[in-house]
Amino acid sequence: MSNKRLLFIPVSSPEGIGEYMRSLLLANGLLAEFAGMLDIHFILNKHTTYADVCPFDTTLLESSATKEVALVCDFITAYKPDVVVFDCAGRAAHMKAAKEVGAKVVFISQHEKKRAKGLKLNRANLIDAHWVVQPDYCIAPLSWVENTKLDMFPLAHPYNVGPFVAHASVEQKKQVLNKYGLEENNYLLVNAGSGGHTFNNLNCADTYFETALKAGKKTGLKTVVVFGSNYTKRIPKTSEIICLTSLEGTDFLALLSQAKLALLSAGDTLLQAIALQTPVIACAISKDQHARLENCVNTGVVIKASLNADDIVSKIEHAIEDSRYKSLLIKYHKLENPQSYSVITSAVKNLSLIHISEPTRRYAI
C-alpha cells in the first residue's frame, strides 16, 4: 500500500513564522503517529529564513502561495495529494485543484477576517474541515450573516479548536532544562515571535532583549531569550542571560511549560502558554495581535504591557508577586483542560470525509 500524501501550504513571509511553525508542529506530530505511512510536502516562500531548513520535502516559490496561483495549482495537479492543509492561505483556485485530484481540504484560520475567507461562497464544497486555532474567548461568535450562509450553502462549519500544543514528555523536559542549566519554575523565558517584527523602526526582539537584561537584574531570575529564526542580526553575546537564535518546536514548548513566567508577543505562543498554564506578560507587536491580546486580558489570563522595556519590567516584577501570580494560575485551571484529539488522522487513514464529531478546544500531540 502506497503512502498517503499530505501537502502543507502555510502563509510564509519574511516577517512572520506562526503559520509555518503550526504546520510544522502538526506535520511532525502526524509523522510520529504514522511512521512510514505518510509522505509530507511543504510549499514555502523561498525568501523566508526557514525555507532551506524545513525537514520535509519542499517546493520553493518566489513569493507567497497566494500570489503564485498557477504554479501552486500545477503542483497540486502533478503531486496528487490525499490531504491539503491550507494554514491561513489558499485561494479558491488552489482548493478547486485539490478537489479535482480527490484530495481532502483542511483550512486553518486564526482570526475573524481569515475565518470569513473560509466562508466565502466560492469555497462552497471545497473545504472539508475548517479549524479556527483560537479558544472561544479569543474570537467573536459567528455573525448572523455567517450562520445564515452556513444554513443555506454547503460550507464547512468553522470549529474553534484552540492552539496546537505539543506536550513534551517528562524526559524531554528534563533534557532541555539540563541542556541550558535551568531549574523548573525558576527562569524567565522571553520571545518576541519570529524575530522579524518591528515597531517604531526598532526590532521588537531587540526591545525584548533589552527588557530581559533589566528584568534579570531586577528579579534575580535566570533568563532565556529566543530571538527567532527571522532575526537577521548577530545574536548578542553576554554572560548575563542565555541567548538563542531559535528552538525546535518541542524544545521551545518544553521550556515554555516549565518557566516561572514568559514574556511573549500576542501571537500563537501566547495561546500555547495559556494552554500550558504558564503565566504570561504580553505585548501586541503586529496589527492582528491587538484584538487577541485584549480578549485574553478581558478573560484574565494574561498581563498586558506596552512595548517599552521599563513598563514590561514593572509588569514582570508585579506579576511574580504571589497574589498576581496565583490569580493567573487559578484562571488557567478554570479553563477547559486540553484534549488529545487528532482530527486529521481519520482522513489520513481512511480518506473518507474528515470526521469532526464535536467542536474541540485543543489539538494535543
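Calculation criteria
Residues numbered from 1 in each chain as written. Predicted model: local features only at pLDDT ≥ 70, side-chain atom pairs only at ≥ 80, totals over all residues. Heavy atoms only, no water. Pairing = 2+ DSSP bridges. Helix = DSSP H or I, 4+ residues; strand = E, 2+ residues; numbered from the N terminus. Contact = heavy atoms within 4.5 Å. Axes fitted to C-alpha atoms, helices over the stretch in contact; angles between N-to-C directions. Patch = residues over 30% accessible without salt bridge, like charges linked within 9 Å, V, L, I, M, F, W, Y side chains within 5 Å. Areas by Shrake-Rupley, 256 points an atom, 1.4 Å probe, with all protein chains shown as cover. Salt bridge = Lys/Arg side-chain N within 4 Å of Asp/Glu carboxyl O. Buried < 20%, exposed > 50% of the residue type's maximum accessible area, 1.4 Å probe, protein only. Polar contact = N/O pair within 3.5 Å; in protein donor to acceptor, adjacent residues only side chain to side chain. Parallel < 35°, antiparallel > 145°, perpendicular 65-115°, else oblique. Left-handed = near helix turned anticlockwise from the far one by under 90°.

Chemist: What exactly am I supposed to notice about the sheet that holds strand E13 (residues 242-244) here?
Modeler: Strands belonging to one sheet form pairs held by backbone hydrogen bonds; the direction of such a pair is parallel or antiparallel. Sheet architecture is open: 6 strands sit in the order E13-E12-E9-E14-E15-E16, paired in parallel fashion. Either end of the sheet is taken by a strand with one partner, and the two such strands are E13 and strand E16 (303-304). Relative to strand E15 (residues 280-283), strand E14 (residues 261-265) is paired through 4 bridges, and the arrangement is parallel. Bridge assignment links Leu264 to a residue of E15, and that residue is Ala282. Packing of helix H9 (residues 268-275) onto the sheet brings it into contact with strand E9 (187-191), E14 and E15, and relative to E14 it is tilted by some 155 degrees.

Chemist: Sorry if this is basic, but what is going on with a nonpolar patch on the surface here?
Modeler: Among the surface-exposed residues, Leu121, Met152 and Phe153 lie close enough to one another that they form a single nonpolar patch of about 300 Å² accessible area. The residue Met152 is located in helix H5 (residues 144-152) in this model. Look at Met152 and you get exposed, because its relative accessible area is 58%.

Chemist: Sorry, what's going on with the environment of Asp82 here?
Modeler: The topology assignment puts Asp82 in the loop between helix H2 (69-79) and strand E4 (83-87). With 147 residues separating them in the primary sequence, Asp82 and Ser229 have C-alpha atoms 30 Å apart. Here Arg5 takes part through its backbone nitrogen, which lies 2.7 Å from a polar atom of the side chain of Asp82.

Chemist: Please clarify how the packing of H2 against helix H3 (residues 92-100) should be interpreted in this entry.
Modeler: The description of two packed helices rests on the angle between their axes and on the distance between the axes. Where H2 contacts H3, the two axes come as close as 9 Å, and the packing angle between them is 10 degrees. Classified by the angle between their axes, H2 and H3 sit roughly parallel to one another. The way H2 lies across H3 gives a crossing that is right-handed. Contacts from Val69, Val72, Cys73 and Ile76 of H2 reach H3 at Ala93, His94, Ala97 and Ala98.

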